[in-house]
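Spelled out, the chains give:
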Amino acid sequence: MTWILPAAVVVPAGLIVLGVLTARVIGAARALNREVARINQQFRLKADSRG
């Protein structure tokens, strides 16, 4: 019975940590996607300007 109380504290705390880390990973993935799209656009513009 004594393990239930620490588990009731540790499990939600762990889920909060996982949620925060998931949000950071999603944010970083979106930023990387924007950067890749921007670089691809630059390559397209350079290729178009060469004729």
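Remember, predicted model here, so these are calculated numbers, not experimental data.

S.K.: Sorry, what's going on with the overall build of the protein here?
M.R.: When helices and strands are counted, the protein shows one helix and zero strands. Over its C-alpha trace the protein gives a radius of gyration of 22 Å, far above what one expects of a compact globule, namely 10 Å for 51 residues. Viewed in the frame of its principal axes, the protein has a C-alpha envelope of about 75 × 10 × 5 Å. Looking at the 51 residues of the protein, the share that counts as buried comes to 0%. Roughly 4800 Å² of accessible area belongs to the protein as shown, and the carbon and sulfur atoms make up 71% of that amount.

S.K.: Help me understand the pattern of salt bridges in this model?
M.R.: Once the charged atoms of two side chains with opposite charge are near each other, the side chains can pair. Scanning the model with the defined rule gives one salt bridge in all. The partner of Arg 38 in a salt bridge is Glu 35, with the nearest N and O atoms 2.5 Å apart. A residue pair is termed a helical-turn pair when its members lie 3 or 4 positions apart in one helix, as Arg 38 and Glu 35 do in helix H1 (residues 4-50) at three residues. For Glu 35, a relative accessible area of 34% puts it in the partly exposed group.

S.K.: Explain a nonpolar patch on the surface here, please?
M.R.: There is a patch of nonpolar side chains on the surface, built from Met 1, Trp 3 and Ile 4 and spanning about 420 Å² of accessible area. Positionally, Trp 3 belongs in the segment before H1.

Analysis parameters
Residues numbered from 1 in each chain as written. Predicted model: local features only at pLDDT ≥ 70, side-chain atom pairs only at ≥ 80, totals over all residues. Heavy atoms only, no water. Helix = DSSP H or I, 4+ residues; strand = E, 2+ residues; numbered from the N terminus. Rg over C-alpha atoms; globule rule 2.2 N^0.38 Å. Buried < 20%, exposed > 50% of the residue type's maximum accessible area, 1.4 Å probe, protein only. Areas by Shrake-Rupley, 256 points an atom, 1.4 Å probe, with all protein chains shown as cover. Salt bridge = Lys/Arg side-chain N within 4 Å of Asp/Glu carboxyl O. Patch = residues over 30% accessible without salt bridge, like charges linked within 9 Å, V, L, I, M, F, W, Y side chains within 5 Å.

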